[in-house]
Structure formats: C-alpha cells, structure tokens
Amino acid sequence: MDAPRTNRPTLDALRHMPVSDVIALPAEHLALLQTDAREALDGAKRMQDWIEAAIALRYEQRAVGARAAAGKDTGTVRFQDGAVEIAVDLPKKVDWDQARLASLSEKIRAGGEDPGQYVEVSFKVSERAYTAWPERIRAAFEPARTVRTGRATYRLALMSDVARRDSPHADGVISMRGGR
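Small disclaimer: the values here were computed from a predicted structure and weren't measured.

## Details of a nonpolar patch on the surface
A grouping of Met47, Trp50 and Ile51 is seen on the molecular surface, where their side chains present a nonpolar patch of about 380 Å² in accessible area. Looking at the secondary structure, you find Ile51 in helix α3 (residues 27–69).

Here it is as structure tokens:
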C-alpha cells in the first residue's frame with residue numbers, strides 16, 4: 001500500500017520556497033520539518049563519521065610511516081594516493097601534573113626567581129615556552145608533563161596534474177595525459 005499523501009512540503013521542496021511561504025506554513029508542518037531536518041543532520045553526521053573512519057583505516061599505516069620518516073610523533077604529514085593528496089594531522093595534547101607544578105613553583109620562588117616566568121597561574125605550561133627553556137629547567141618539569149595525542153584528522157584534496165607533477169610527494173609519477 002502507498003504511503004499516505006500530505007500537503008506538507010519536503011525538505012527538498014522547502015529549499016526552493018520563498019521564506020514568506022515557509023513562514024505561512026502551519027505550525028505543525030514547521031515542527032515536523034524541523035524534526036525532519038534534525039534527523040537528516042543526524043544521518044549526515046553518522047555518514048560523515050562512517051566515511052572518516054574508513055579513511056582513517058585506509059591511511060593510518062601510511063600516516064604512521066610518513067610521520068616516522070619525518071621523525072615526528074605529532075603534527076601534520078602529507079602523502080599522495082593517485083590524484084589525491086592526504087594531509088593527516090595528529091595534534092599533540094600536553095597535560096601537566098598540577099601538584100608537581102605547584103611544588104616546582106615554590107622551589108623556584110625559594111630559589112629567588114619568579115615562577116611566573118615559567119608557569120602560568122593555573123599551573124599550565126606553554127608548550128612553545130617549554131621547548132625553548134634551558135635543559136636544566138625542562139628536566140625539572142619533565143615528571144609533571146604528560147603528552148597525549150588527539151584524534152587524527154585526514155583531509156583529502158584532488159590535485160591537478162601540474163600540482164601532482166610538482167608535488168614533493170608525487171613519488172616521481174608524471175601524468176602523461178594531454179599530449180606528451
């Protein structure tokens with residue numbers, strides 16, 4: 001048996017309606033359309049998650065290899081798969097042991113220095129500052145520091161033949177389409 005017919009517009013039809021017509025719809029239609037839109041958004045998010053998971057599974061080992069070849073634990077690496085450049089970002093997340101930072105802060109103060117030059121009031125340490133510190137200071141703070149990685153993100157971009165030819169990640173492959 002066929003689904004019951006309704007005079008309520010679909011989400012697709014709604015895209016082409018002037019806002020004045022949308023405003024004039026019965027409140028029940030607006031409520032149902034809002035529910036339809038939420039369900040469509042939820043479905044699209046689930047589909048995006050599914051695609052992102054497939055991409056991660058496909059390229060994870062290549063990203064690990066590219067990161068190892070670059071001598072990096074975190075950050076962005078790039079490689080190609082045919083005409084697609086894959087950029088994989090693995091963010092670094094650093095946590096600091098608050099009790100140890102408080103203790104170090106007091107030792108610095110007792111030594112006659114200003115702990116504000118090394119730690120923020122909330123006992124956070126800027127990663128940029130940490131990497132710039134002298135080794136003796138970094139060594140003292142190291143036990144209070146924990147490095148985690150965030151969730152890797154993959155960005156795929158179609159490349160033109162010229163961009164592919166000129167890319168340092170092209171593995172020497174030059175497209176022969178269009179003549180030569």
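Let us keep going from here.
## What to know about helix α4 (residues 98–110)
Between the first and last C-alpha of α4 there are 18 Å, a value that for 13 residues agrees with the 18 Å anticipated at 1.5 Å per step. When α4 is considered as a whole, its buried residues turn out to be Leu101, Leu104, Ser105 and Ile108. When α4 is viewed along its axis, its buried side chains cluster within an angular range of 105° and face the same direction. For α4, the exposed residues lying more than 90 degrees away from the buried face are Ala99, Lys107 and Ala110. Looking at the buried positions of α4, the neighbouring elements they touch are β3 (92–96) and α6 (135–141).

## Observations concerning α3
For α3, built from 43 residues, the straight-helix expectation of 63 Å at 1.5 Å per residue is met to within 8% by its first-to-last C-alpha distance of 60 Å. At Tyr59, α3 is bent by approximately 50°, the largest bend along its length. Looking at α3, one finds that the buried residues are His29, Leu33, Ile55, Tyr59, Ala63, Ala66 and Arg67. In the core, the buried residues of α3 are packed alongside α1 (11–14), β1 (75–81), β2 (84–90) and β5 (153–158). Positive backbone phi, approximately 70°, marks Gly71, located one or two places after α3.

## Remarks on the sheet that holds β5
Overall, antiparallel pairing links the three strands, which are arranged β1-β2-β5 in an open sheet. The sheet terminates laterally at β1 and β5, the two strands that pair on one side only. Averaged over neighbouring strand pairs, the angle between their axes works out to 20° when direction is ignored. By the bridge criterion, six bridges tie β2 to β5 in an arrangement that is antiparallel.

## What about the pattern of salt bridges?
Using the criterion set out here, one finds ten salt bridges in the structure. In this structure, Glu106 engages Arg109 in a salt bridge whose closest nitrogen and oxygen atoms are separated by 3.9 Å. Of the two residues, Glu106 and Arg109 both sit in helix α4, three residues apart, roughly one turn of that helix. Relative accessible area serves as the criterion here: at 47%, Glu106 is assigned to the partly exposed category. When the shortest N-O distance is used, the salt bridge between Glu135 and Arg138 registers 2.6 Å. Taken together, the positions of Glu135 and Arg138, both in helix α6 and three residues apart, correspond to about one turn of that helix. Linked through salt bridges whose partners overlap, the residues forming this network are Lys92, Glu127, Glu142 and Arg145.

## Looking at the side chain of Glu127
Inspection of the secondary structure assignment puts Glu127 in helix α5 (residues 127–132). Assessed through its relative accessible area of 19%, Glu127 is described here as buried. Glu127 has contacts with Lys92, Val94 and Arg145, leaving out every residue within four places of it along the chain.

Reading the values: the criteria
Residues numbered from 1 in each chain as written. Predicted model: local features only at pLDDT ≥ 70, side-chain atom pairs only at ≥ 80, totals over all residues. Heavy atoms only, no water. Patch = residues over 30% accessible without salt bridge, like charges linked within 9 Å, V, L, I, M, F, W, Y side chains within 5 Å. Areas by Shrake-Rupley, 256 points an atom, 1.4 Å probe, with all protein chains shown as cover. Salt bridge = Lys/Arg side-chain N within 4 Å of Asp/Glu carboxyl O. Helix = DSSP H or I, 4+ residues; strand = E, 2+ residues; numbered from the N terminus. Expected span 1.5 Å × (residues − 1). Buried < 20%, exposed > 50% of the residue type's maximum accessible area, 1.4 Å probe, protein only. Arc of directions from axis to C-beta. Contact = heavy atoms within 4.5 Å. Bend = angle between axes of the 7 residues up to and from the residue. Pairing = 2+ DSSP bridges. Axes fitted to C-alpha atoms, helices over the stretch in contact; angles between N-to-C directions.

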